Amino acid sequence: MGFSTDAIHVGQEPDPSTGAIVAPIYQTSTYVQEALGKNKGFDYARTAHPNRRALERCVAKLEGGLTSYVFSSGMAAIDAVFRLLRPGDHVIVSQAVYGGVFRLTTQLLVQFGLQFDFVDTSCLENVRKALKPNTKMIYVETPTNPTMIITDIAAVAKLARERNVTLAVDNTFLSPYLQQPIALGAHIVVHSMTKYLNGHSDCTGGAVILTRQEDVDRIYFIQRSAGTGLAPMDCFLVSRGIKTLAVRMERHDANGMAIAKFLEAHAKVKRVLYPGLASHPQHEVARRQQRGFGGMLSFDLGSLEAARQLLNHVKLCSLAESLGGVETLISHPALMTHASVPPEVRLQIGITDGLVRLSVGIEDAEDLIADLEHALSKV
Ligand SMILES: Cc1ncc(COP(=O)(O)O)c(C=O)c1O
């Protein structure tokens, strides 16, 4: 079936006991057993529950994986992936990775003997040079948050497979509608489902999509041991959001392009980072591996003061963390999402004090442009 048909129907079969077209929310912690050792497939909600199973089937199908597991947040999902590793293992991570991943790896996981090197994965040669005998995983975010750097997934996957290294890709910024890392050779995909998969900014969630049975068994063991699975109500919300993923992403993509072009032509904007623009350094790679360019973009106003003026004068764009919802969100990475990254590292990876990030929603593009035009006039 096509993507939209799968998004609406996989895992969403009518409830067999009542015919309800939308499966009920199984808001229960435990399941009564018919006899000792005999149950209907569920015993305790930490381990599994019907809403989680339904969502996991759908997400695995959309990403083209064998199985998926859904977690209480994107960070819980990413943490589970790193727990596949053992003390002494080395990981190559995209340099401009989401700030939460930088914090998790450099401040927490290093305490358990994992080693991380942050590398500009948009350059294959850098990845090759960073490989060590104990490298077990390459962890790529593409596009990166908020610098919009693109990594050629197929090229890194080829290298990873030659060297027997696992390739994990964070596909949060594009969603499986616009990019399918497994088809390009990745072994593992992760998501913050808080973003586009849910799409309505009403819960947090994460997903790990797997292609190898040994990873499936390990991730399930990690999830049920650590108790990080997504709760029934939140699974219901993400399942509902996914049904409109394709139409939302089409609109995010169209609005993203319209706003990127408007900003690029504006005299007060120094630089626009949007992979859909011909000026983007990896525009050709993005065109090749993505179905569209999505709704995420960043732009530089040259100084913290200029960024502050803009952020204080927007009205329709909401000043907030997070992204991927139907409403447009605007943020200041250096002081918000990436505040946990040391200032010198921020500058090295291009997160300047004048950088503003936009998660372009699905409102009318003209209204968003009018709001930005007005705010830019105050800069
Ligand atoms: C690219 C990316 N990956 C992972 C995460 C973490 O997800 P969550 O906030 O759901 O834990 C985020 C959050 O902003 C993100 O932008």
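Residues numbered from 1 in each chain as written. Predicted model: local features only at pLDDT ≥ 70, side-chain atom pairs only at ≥ 80, totals over all residues. Heavy atoms only, no water.

What follows concerns the overall build of the protein chain. Broken down by element type, the protein chain carries 14 helices and twelve strands. The C-alpha atoms of the protein chain give a radius of gyration of 21 Å, which matches the 21 Å a tight globule of 379 residues would have. If you line up the protein chain on its principal axes, its C-alpha atoms span 70 × 50 × 35 Å. Counting the 379 residues in the protein chain, one finds 56% classified as buried. Looking at the protein chain as shown, the accessible area adds up to about 15600 Å², and 55% of this sits on carbon and sulfur atoms. (Helix = DSSP H or I, 4+ residues; strand = E, 2+ residues; numbered from the N terminus. Rg over C-alpha atoms; globule rule 2.2 N^0.38 Å. Buried < 20%, exposed > 50% of the residue type's maximum accessible area, 1.4 Å probe, protein only. Areas by Shrake-Rupley, 256 points an atom, 1.4 Å probe, with all protein chains shown as cover.)

This next bit is on the environment of Asn145. Relative to the helices and strands, Asn145 resides in the loop between β4 (135-141) and α6 (153-162). The spacing of Asn145 and Pro176 is 31 residues in sequence and 17 Å in space, taken between C-alpha atoms. When residues no more than four places from it in sequence are discounted, the contact partners of Asn145 are Ala96, Val97, Tyr98, Phe173, Leu323, His338 and Arg357. In this structure the side chain of Asn145 is engaged in a polar contact, spanning 2.7 Å, whose partner is the side chain of Arg357. (Contact = heavy atoms within 4.5 Å. Polar contact = N/O pair within 3.5 Å; in protein donor to acceptor, adjacent residues only side chain to side chain.)

To continue, consider the site of the ligand. Taken together, the neighbourhood of the ligand is formed by 14 residues, with Gly74, Met75, Asp170, Ser192 and Thr194 sitting nearest. Asp170 places a polar side-chain atom, nitrogen or oxygen, 2.7 Å from a nitrogen atom of the ligand. Within the contact set of the ligand, an oxygen atom lies 2.6 Å away from a side-chain nitrogen or oxygen of Thr194. If the ligand stood free it would expose 390 Å²; the protein chains cover 92% of that surface. In terms of residue count, helix α3 (residues 74-82) provides more of the shell around the ligand than any other element does, three residues in total. (Near = heavy atom within 4 Å.)

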